[in-house]
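Single-letter residue listing:
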Amino acid sequence: MIPAAFDYVRADSIDALLATLTEHGDEAKILAGGMSLLPLMKLRLAVPTVLVDAGRLDELRYVRDGGDHLAIGALTRHRDLETNDLLGAECGVVRAVAAEVGDNQVRHRGTIGGSVAHGDAASDLPAVLLALDADFVIRGPAGERVVPATEFFRGFLETALAPDELLTEIRVPKSGSNGFAYEKFNRRAQDWAIVGSVAVRAGGTTRVGLVNMGSIPLRGRAVEAALANGASPADAAEAAAEGTDPSADINATSEYRAHLARVLTRRALEAIG
Amino acid sequence: MHRVTICQYPRMQIAMTVNGAEQSHDVEPRTLLVQYLREPAGLTGTKVGCDTSSCGACTVLVDGESVKSCTMLAAQADGSTITTIEGLADGPNWHAVQQAFHEHHGLQCGYCTAGMIMAAVGFLDENPDPTDREVRLGLEGNLCRCTGYQNIVAAVLGAAETMQAAK
C-alpha cells in the first residue's frame, strides 16, 4: 500500500513549520514519527497534499524539570521516555506506560506528541495524561497557548489543535516514581488496547484514566468520586463504565468493554493499594 | 484527437548510507523505506509482510535502531545510516545472530527471518544480556506464522551468550 502523492517539506525550525502550515491550511499534515499517520495515509484514509516533516526538530526532544512539573518535548520518542531516569523518578507512570506502547520498533519512531495530537482513544498515553491533568503547550500563528488535557480531546481523532498549530510540549505533574498501575487488555502483545485502565495517585487524590471506552480518552470520574467518598477499590471499580460509551467491534461488544473496564480498574486500584 | 496525459508527481533527491555504501536516488516523497531498499537500492532481503507495521518482516536498522521500514518514508531516512540483513555478515563470516539462528534452527519457512534477525540485532544492542522473558518482549513486534518461536528465542539467547563471550 502506497500513500497518495504529496509534497514533502522537511521543517528545519518551528517557525518554518508554522509558516508552511499557515500557507497550506488543512491541506497540510504534520508528520512526527509517523506511527499513526503513515498507516492512515497508506490506507488513504488521510490524504494530505503537503506533508510537513517535524522529525528533525530535535529542540522538541527532551524531558526537563520545570519546577512543579516535568516538561516533555512533543517529539520525544517512546523509547526516550521508557529509558529516561528523570521521568522514572518524578512521573514514573509516563515512563512505564510508554514502555507498553506498540513494540520496540514502534517505540523507536513514535513520539508522545504524535500520539497526543492523533487523539486516538485506543492509545495508551493520552488516557494517562488525562488522568494526570497534564497541560499541552500549543504554538500557532498567534503565539503560544496552554490547553489542559480535559479540554484537549474533542471527538473521534479530533483535538483542540487547529490546522495551523503545532503541539510543542506536554507538562505533567510530579506524581513520583510509584503509586500507579496500568492494566491493558489485548489479544496480541503489540496490539492496541481493547480496553485499558490506569490508576495513579497525584496531588493527593487517586485518578483513573480509561483507554478505548469511547470516542476520546476518558477519566473514570465516577470511580474517583466513589474513592473520595471512602469506597473500597473493588466497590469503586464497579462504577468504571459509568458515563462511558464504548464501541463494539470485531474484538469486543460494548457490554464486554464495560465489563473489562470494571475488572481492569479494580486490578489497577488494588495494585496501588 | 488523441491526447496523452503524463502525471507529474513530486520527486525529491535522497541520500543515505546503506550497509556501508553511500547512495543517492531520485524518488517520490511517498516512497516507503522498504520499497526504496528493495527497488532502487536492489536489496530484496528485507521482506514486505503485512504492510501494516504489525509483523516486523520489514525490520531494518536506522541509525542502529530497529524500525519497520513499511511504516517509514524513505524521505524520513534521508541522511541516515541503514543496515539490512545483507549488511550483517563480514565476508564469509556470519553475524553472531545469523549463526545462532542457523545453529538453533530459528526458522521454518524463513519469511520472517530477515526481520526477526534485524530486530534481534537491534534488541541485543540495547539489552546485551537478556532473560528469556525479555527476549520475548523484545521481539513482540515480529510475527512468525510458522510459530517457531521456541527456537527463535533460543537463538537470540544463544547469540547473546556468544556476543558476551566475545567481548
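Note that the structure is predicted; figures quoted are calculated from it, not measured. (Residues numbered from 1 in each chain as written. Chains lettered and ligands numbered in written order. Predicted model: local features only at pLDDT ≥ 70, side-chain atom pairs only at ≥ 80, totals over all residues.)

Engineer: Before we go on, may I ask you to explain the overall build of chain A in this structure?
Structural biologist: For chain A, the helix and strand inventory stands at twelve helices and 14 strands. Since a compact globule built from 273 residues should have a radius of gyration of about 19 Å, the 18 Å found for chain A is in line with a globular shape. Summarising its shape, the C-alpha atoms of chain A cover approximately 55 × 45 × 35 Å along the three principal directions. The contacts in chain A between residues at least 6 apart in sequence include a share of 62% that link residues at least 24 apart. (Helix = DSSP H or I, 4+ residues; strand = E, 2+ residues; numbered from the N terminus. Rg over C-alpha atoms; globule rule 2.2 N^0.38 Å. Contact = placed C-beta atoms within 7 Å.)

Engineer: For this particular structure, what's the right way to read the nonpolar core?
Structural biologist: Note on soluble globular proteins: their nonpolar side chains tend to be buried together. Of all hydrophobic cores here, the largest spans 135 residues; its most connected members are Val52(A), Val128(A), Leu129(A), Val198(A) and Ala120(B). Broken down by element, this core gets its largest block of residues, nine residues, from helix α3 (residues 113–126) of chain B. Setting aside anything within four residues of it in sequence, one finds Val52(A) in contact with Val9(A), Ala11(A), Leu17(A), Thr20(A), Leu21(A), Ala28(A), Ile30(A) and Leu31(A). (Core = buried A, V, L, I, M, F, W, Y, C linked by C-beta atoms within 7 Å. Buried ≥ 20, exposed ≤ 12 C-beta atoms within 10 Å, placed from the backbone.)

Engineer: Explain the sheet that holds strand β4 (residues 65–68) of chain B here, please?
Structural biologist: The strands that make up a sheet pair up through hydrogen bonds in the backbone, lying either parallel or antiparallel. Residues and elements named next belong to chain B. Pairing within the open sheet is mixed, and its five strands lie in the order β2-β1-β5-β3-β4. Lying at the two open borders of the sheet, with one neighbouring strand each, are β2 (21–27) and β4. With direction set aside, neighbouring strand axes in the sheet form an average angle of 40°. Two strands pair when backbone bridges link them, and strand β1 (residues 12–18) and strand β5 (residues 81–83) are joined in this way by two bridges, in the parallel orientation. Residue pairing in the sheet places valine 18 in a bridge with isoleucine 82 of β5. Here α3 sits on the sheet and contacts β3 (59–62) and β4; the angle it forms with β3, its principal contact strand, is near 35°. (Pairing = 2+ DSSP bridges. Axes fitted to C-alpha atoms, helices over the stretch in contact; angles between N-to-C directions.)

Engineer: Can you help me understand the interface of chain A and chain B in this one?
Structural biologist: Note: interface size is frequently given as the accessible area lost on complex formation between the parts. Counting residues at the interface gives 22 residues for chain A, matched by 25 residues for chain B. Secondary-structure elements contributing two or more residues to the side of chain A that touches chain B are β1 (7–10), α2 (37–42), β3 (50–53) and α6 (104–109) of chain A. The element contributing the most residues to the side of chain A that touches chain B is α6(A), with five residues. Within the side of chain A that touches chain B, the residues separate by chemical class into twelve nonpolar, six polar and four charged. (Nonpolar A, V, L, I, M, F, W, Y, C, P; charged D, E, K, R; others polar.)

Engineer: So what exactly am I meant to see when it comes to unusual backbone geometry here?
Structural biologist: Most of the time, phi is negative for any residue but glycine, and the peptide bond is trans. The phi angle at Asp133(A) is positive, at roughly 55°, despite the residue not being glycine. Take Asp133(A): there are 18 C-beta atoms within 10 Å of it, and that puts it in the partly exposed class. One non-glycine residue with positive phi stands out, namely Asp51(B), at about 65°. With respect to the helices and strands, the residue Asp51(B) is situated in the loop between α1 (33–38) and β3. Of the residues examined, Asp51(B) has 18 C-beta atoms within 10 Å and is grouped as partly exposed.

Engineer: Help me understand the pairing of strand β10 (residues 166–173) of chain A in this model?
Structural biologist: Successive residues of a regular strand alternate their side chains across the two faces of the sheet. Residue and element names in this part refer to chain A. Within β10, seven of the eight residues are buried, which leaves the element mostly enclosed by the surrounding structure. Sheet topology note: the strand β5 (residues 69–73)/β10 ladder contains five bridges and is antiparallel. Note that in β10 the partner of leucine 70 across the bridge is valine 172. By the bridge criterion, five bridges tie strand β6 (residues 135–140) to β10 in an arrangement that is antiparallel. Along β10, the bridge assignment pairs valine 137 with glutamate 169.

Engineer: I keep staring at the pairing of strand β13 (residues 205–211) of chain A and nothing clicks. Help me out?
Structural biologist: Residue and element names in this part refer to chain A. Most of β13 sits inside the fold, with six of its seven residues counted as buried. Bridge count for strand β12 (residues 195–202) against β13 is seven bridges, and the pairing is antiparallel. If you follow glycine 196 over to β13, its bridge partner there is valine 211. Counting the residues in the hairpin turn of β12 and β13 gives two residues, including glycine 203, whose phi is positive at 60°. The pairing of β13 with strand β14 (residues 218–219) spans two bridges and is classified as antiparallel. By the bridge assignment, leucine 210 is partnered in β14 with leucine 218. Hairpin connection between β13 and β14: a loop of six residues separates the two successive antiparallel strands, and asparagine 212 in this loop has a positive phi of roughly 65°.

Engineer: For this particular structure, what's the right way to read the confidence of the model for chain B?
Structural biologist: Close inspection of predicted coordinates is inappropriate in any region flagged by low pLDDT. Mean pLDDT over chain B works out to 95, with 96% of the residues at or above the 70 mark. This prediction of the complex comes with two scores: 0.95 for pTM and 0.94 for ipTM. (pLDDT = per-residue confidence, 0-100.)

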